Amino acid sequence: MIGRFRIAWKNLWRKKARTFLTVGGITLSSWVLVSLLGFNRGYENALDRDIDNMGYQLMVMAKGCPYEAATLMLQGGTGLRYIEQSTVDSVKAEPGVAMVTPILMQAYFDPNKGENGGIAGYFGVDAASYAAMKPFLRFKKGGWFIGENAEEVVMGFEAAELEQRDVGDMTFVPEKNVQLKVVGILERTGTQDDGTIFVPLKTLQRIAGTDRITTIGIKMEKDADAGGLEARLYELPNVQVVSFTQVKQTIMKLVSTARLMVFSIVIIALLIAMVGVVNTVLMSVLERLPEIGVLKAMGAMPGDIFLLIWTETLILCSCGGIAGIGLGFAFARFTGVLARRILPYAPKGGLVEIDLRLAAVTLAVIVAAGLVSGIVPAWKAGRVRPMESIRSAI
Amino acid sequence: MSGTETVIEARGLTRTFRLGSEEIRALDGVSLTIRQGEFVSFMGPSGSGKTTLINLLGCLDNPTAGEMSLSGTRIFGGGKSLSERHLTRIRRDVFGYIFQDFHLIPTLTVRENVALPLFFYRKPGTAGEVERLLGILGMEHRMHHLPRQISGGEMQRVAIARALVNRPAILLADEPTGNLDTKRTDEIGSVLQELNRTEGLTIVMVTHDAGFARLGERIIEMRDGRAYEG
Amino acid sequence: MAKTRESAQVLLVAYLLFCLRPAPANAATGCDLSSPDRDVPRLFPGSTSYTTRYMSLLADELSSVVTRLDARFRGLYDPLNVPYTIYEIYTGKKKVGYIHGVNQKGQFGGIQVFVSLDLDGRITAFYIQKITGPSAGTFRTPAFGNQFLGLSLRDFDSYDPVSGKGSGKLPAIRNPAPDMETDFYSILRALKKNLILMDVFIYSTTRKNP
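The shown structure was predicted, so the numbers you read here are calculated from the model rather than taken from an experiment. Each chain has its residues counted from 1, running along the sequence as written. Here every chain gets a letter starting at A, and every ligand a number starting at 1, in the order they are written. Under the rules for a predicted model, residues below a pLDDT of 70 receive no local features and side-chain atom pairs below 80 are neither given nor counted, while totals for whole chains, interfaces and linings still include all residues.

J.: Tell me about the overall build of chain A, and please be specific about residues and values.
T.: In this text, helices come from DSSP runs of H or I with a minimum length of four residues, and strands from runs of E with a minimum of two, each type numbered from the N-terminal end. From N to C terminus, chain A includes 14 helices and 10 strands. By definition, residue pairs are in contact when their C-beta atoms, positioned from the backbone, come within 7 Å. Residue pairs at least 24 apart in sequence account for 83% of intrachain contacts in chain A once pairs closer than 6 positions are excluded.

Printed below as a string of structure tokens:
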């Protein structure tokens, strides 16, 4: 027994080139749509991962013009703003705070790095609390410092690779002319820790000639009132608070302009593809008027003809949608690489995440748009008067 | 072989068309009766109104004036026009159609073309009808061929099978051999006669070919929109 | 106020996420000039353009290099099985030489040793792009680098940079940093490695084009 899909499929196969071109247009718009949706999700997830991997959700830093601080840090590490170490106790005492870790960031100019010199950066950390913040940190070799005043370093994976350091090797702090021993090399984490050189906090304070710190990393208790805690932390003297949730939102806003642009392109591509669908199906109807007339003569109701033509639209959009989604899956990594080149900031890891649910949403959008596009030609076909259309062939 | 039951009764059927400012009277007050099992040929030159008449008789169109009944049920008349949906319901119950250009679906096989009406509407008792009709018409060996792979005469046989698959009461044939050579014309003629004789099928045929028209037991001549039965 | 706070947060986190990221891990992936457009004219005066080729050692070539460096001391010359970047230098359409760098493990960090070579394999410039240590700067002075001008791989035929013994021009090269003697010999070993690799990649007639 013949079925509607079979009839529709065979009709589409009559004009292969036209069908392929129409499906091709739908494929492209579907590919762009699923890639964009995958990027939306992937970027946010990657950002979440990056932020989660920082270990702490809030940071307290010294108050001051952040632009100046960043510029000075980039140029040589002097003029940094500091906070008193006693602030750590104040922060720890706040309700909602699960744990804290004090950090001293220092950067020194190395004149023997490249033609014009470069920066060597160091993180002074309290090993116990820092490691507790980041339980996922694992050592490839060695371990944390033996004491809080030890003249030792722990290197991130990439930092060690760059400097060709192994456990037992020495490193050299430029400007300060201090030699430190490598006691541990971390496994690759995919975060900024990979490029970091960790020094015991007290050791770096001694090298820097200060007893203060630059940052306090804060992990909140589960279900803590983040907004309330942030507001209270702001009341501490001479500090500013960085909330990674807010930073994430800000970064997402930065990216949203690009996303909006791409989204507009997707809409336009979809409209163009659907115009192609309307054109293809309408042409197909006009070419087959006598046939449609005969179908009506043999007992096809207007609704039968409508569904037959609409089914052709459904097949076109489903095939194009599925092909586009397939391309989205296949080129997800390439799309991520492309996005990484264009965006001002891109977190580590894959930027495009496409799963079956997203694919289903994309297919639904494409098919829905196609079915809407197919209404007019299908309706026209249903209204064909058999006598006139049969005679139109004569 | 004709029976006594009247299947089509038409009184004063008129159909006018407007062409710009001109009104053309394609059919002018035609009245006739067709009984069950009759083979009626309408013959006439081009523009005589024979196709307009068969379209009205076959409920493919509404008359401008006049009445028509099918098996005693009034279809047209009393100033009422029927909707396309209504006409379709009547067509699917009563009529089968064959046309000069066959109008087979080129992408469907012979078997699929014949089965197509059943997709839209299946009367009770039509199970196995596709195979039976293809057998009767000598097309069972071409079941899986496409229309482009068979001859004109074979295509018209397939069209006849398609027209009959839903067991219509009346077969309407509009110039069924218009595109065929003499040999195929004779073939189709034999088929139609056989169906009329053995199945008791009522056939209403339109042709411009006087020789072919003589297949019917009644020949009605059409001239200038009027019917003349000699 | 809220907008300033937002900007501050963005910049601070951008700094944290950006600035302390490492430079590309050249150690595992070869040794590139940090700014070729700027470095090539300085290292090869008179040049007008350059092209960049990426080469890797074939299995038999790696064995040959290890043998030539002295397989007993393979560890002193690692890493070897990495991609190498060769800059081909042109004046107009005419090739005039090459620039090539290698990574070498130093006492306090990685050392990157670059040489400019003419078409005969002679050193026309010597450049340490990176070195770490208390007297590291002394290895980057013209006084030190100029000692290598005119030398070639043949000069290592009579000198062993592992033991520091031999004859010819190489023993005459003065170590400017007695407190970094280990790195001085690391530099000589790096130079030998650099020249052997260039011999394998470019100057040897047995090399098939990639």
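J.: Hey, could you go over the overall build of chain B for me, with residue numbers and the actual values?
T.: Within chain B, the secondary structure is distributed over seven helices and 10 strands. Buried residues in chain B amount to 49% of all 230 residues. Contacts spanning at least 24 positions in sequence make up 72% of the contacts within chain B whose residues lie at least 6 apart. Every C-beta atom is placed from the backbone, and the number of other C-beta atoms within 10 Å of a residue's own sets its class: buried at 20 or more, exposed at 12 or fewer, partly exposed in between.

J.: Quick rundown of the nonpolar core? Include the residues and the values.
T.: One finds Val60 and Ile309 of chain A together with Phe42, Val114, Ala161, Leu172 and Val204 of chain B to be the most contacted residues of the largest nonpolar core, which totals 173 residues. The dominant element in this core, judged by the number of residues it contributes, is helix α2 (residues 16–53) of chain A, at 13 residues. Domain start and stop positions are those given by an automatic or database domain assignment. Counting residues domain by domain, this core receives three or more from each of domain 1 (4–51 + 250–392) and domain 2 (64–237) of chain A. Apart from residues no more than four positions distant in its own chain, Ala161 of chain B is found in contact with Val114, Leu133, Leu134, Leu137 and Met139 of chain B. Residues of type Ala, Val, Leu, Ile, Met, Phe, Trp, Tyr and Cys that are buried and joined through C-beta atoms within 7 Å form what is called a nonpolar core.

J.: Explain the environment of Arg212 of chain A residue by residue, including any values.
T.: Residues and elements named next belong to chain A. On the secondary structure map, Arg212 appears in the loop between α7 (201–208) and β9 (215–220). Given 17 C-beta atoms within a 10 Å radius, Arg212 is considered partly exposed. Sequence separation between Arg212 and Ile103 is 109 residues, and the spatial gap between their C-alpha atoms is 9.3 Å. Ignoring anything within four residues of it in the chain, the contact list for Arg212 reads Tyr82, Ile83, Glu84 and Gln85.

J.: Run through the interface of chain B and chain A, naming residues and quoting values.
T.: On the chain A side, the residues contacting the 23 residues of chain B number 22 residues. Of all elements in the fold, only α2 (84–94) and α3 (110–120) of chain B reach the threshold of two or more residues within the side of chain B that touches chain A. It is α3 of chain B that provides the largest number of residues to the side of chain B that touches chain A, a total of six residues. Three classes are used: nonpolar for Ala, Val, Leu, Ile, Met, Phe, Trp, Tyr, Cys and Pro, charged for Asp, Glu, Lys and Arg, and polar for all others, with Gly counted as polar. Considered class by class, the residues forming the side of chain B that touches chain A number 11 nonpolar, five polar and seven charged.

J.: Outline the sheet that holds strand β5 (residues 73–76) of chain B, supporting the account with residue identities and numerical values.
T.: All names here are of chain B. Here a strand pair is declared whenever DSSP counts at least two bridges between the two strands. Taking strand neighbours across the sheet as the criterion, the four strands line up as β2-β1-β4-β5 in an open arrangement whose pairing is antiparallel. Looking at the sheet topology across the chains shown, the edges are occupied by β2 (22–35) and β5. Here the average twist between neighbouring strands, direction ignored, is 25°. With five bridges joining them, strand β1 (residues 6–19) and strand β4 (residues 65–70) adopt antiparallel strand pairing. By the bridge assignment for β4, Ile8 is matched with Leu70. Axis definition: a line fitted to C-alpha atoms, limited for helices to the stretch in contact. Angles are taken between N-to-C directions and run from 0 to 180 degrees.

J.: With reference to specific residues and values, describe unusual backbone geometry.
T.: Leaving glycine out, the prevailing phi sign among residues is negative, and the prevailing peptide bond configuration is trans. All names here are of chain A. Of note, Gln164 is a non-glycine position whose phi angle comes to about 50°, a positive value. Phi is positive for Glu175, close to 70°, though the residue is something other than glycine. With respect to the secondary-structure elements, Glu175 resides in the loop between β6 (170–173) and β7 (178–186).

J.: Before we move on, can you summarise the sheet that holds strand β4 (residues 110–118) of chain C with the specific residues and values?
T.: Residue and element names in this part refer to chain C. An order of β1-β2-β3-β4-β5 is seen for the five strands of this open sheet, with the pairing classed as antiparallel. Only two strands of the sheet have a single partner each, and these edge strands are β1 (49–55) and β5 (123–130). Between one strand and the next, the sheet's axes are offset by a mean angle of 20°, whatever the strand orientation. Bridge analysis of strand β2 (residues 84–91) against strand β3 (residues 94–105) gives six bridges, and the strand direction is antiparallel. Paired with Ile86 across the two strands is His100, which belongs to β3.

J.: Hey, could you go over the environment of Leu12 of chain A for me, with residue numbers and the actual values?
T.: All names here are of chain A. Within the secondary structure, Leu12 is located in helix α1 (residues 4–12). Along the chain, Leu12 and Thr280 lie 268 residues apart, while their C-alpha atoms are 9.4 Å from each other. For Leu12, the contacting residues outside a window of four places in its chain are Thr19, Glu312, Ile315 and Leu316.

J.: I'd like to hear about α7 of chain A, residue by residue, with values.
T.: All names here are of chain A. Most of α7 sits out of view: six of its eight residues are buried. Listed as buried for α7 are Leu201, Thr203, Leu204, Gln205, Ile207 and Ala208. Next to the buried residues of α7 lie β2 (97–110), β3 (118–125), β6, β7 and β8 (197–200). Downstream of α7 by a residue or two, Gly209 has a phi angle that is positive, lying close to 75°.

J.: Summarise the confidence of the model for chain B; cite the residues concerned and give the values.
T.: Values of pLDDT, which run from 0 to 100, indicate the predictor's confidence residue by residue. Overall, the predicted model of chain B reaches an average pLDDT of 88, with 98% of residues at or above 70. Reported confidences for the modelled complex are a pTM of 0.66 and an ipTM of 0.86.

J.: How would you sum up the pairing of strand β5 (residues 152–155) of chain A? Please name residues and give values.
T.: Residues and elements named next belong to chain A. Neither face of β5 is exposed, since Glu152 and Val154 on one face and Val153 and Met155 on the opposite face are all buried. Examined bridge by bridge, β5 and β8 share two bridges and lie antiparallel to one another. By the bridge assignment, Val154 is partnered in β8 with Phe198.

J.: Mind laying out the packing of helix α11 (residues 302–330) of chain A against helix α13 (residues 356–382) of chain A, listing which residues take part and the relevant values?
T.: The relative placement of two packed helices is expressed as an angle between their axes plus a distance between the axes. Residues and elements named next belong to chain A. For the pair α11 and α13, interaxial distance at closest approach is 7 Å and the crossing angle is 150°. Looking at the two axes, α11 sits roughly antiparallel to α13. α11 and α13 meet at a crossing whose hand is right-handed. When grouped by side-chain class, the residues that make up the contact of α11 with α13 number 19 nonpolar, 10 polar and no charged. Oblique is the label for any angle not under 35 degrees, not over 145, and not in the 65 to 115 range, which are roughly parallel, roughly antiparallel and roughly perpendicular in turn. By convention the crossing between two helices is left-handed if the near helix lies anticlockwise of the far one by an angle smaller than a right angle, and right-handed if it lies clockwise.

J.: Describe the packing of helix α5 (residues 152–164) of chain B against helix α6 (residues 182–198) of chain B, listing the residues and the values that go with them.
T.: Residue and element names in this part refer to chain B. Where α5 contacts α6, the two axes come as close as 9 Å, and the packing angle between them is 20°. Viewed along their axes, α5 and α6 adopt a mutual orientation that is roughly parallel. Crossing of α5 over α6 shows right-handed handedness. Contacts from Gly152, Gly153, Gln156, Arg157 and Ile160 in α5 reach Arg184, Glu187, Ile188 and Val191 in α6.

J.: Talk me through the pairing of β3 of chain A; I want residue IDs and the actual numbers.
T.: Residues and elements named next belong to chain A. Most of β3 sits inside the fold, with six of its eight residues counted as buried. Of the pairings in the sheet, the one linking β3 to β8 comprises three bridges and is parallel in character. Residue Val125 lies in a different strand from β8, and its bridge partner there is Pro200.

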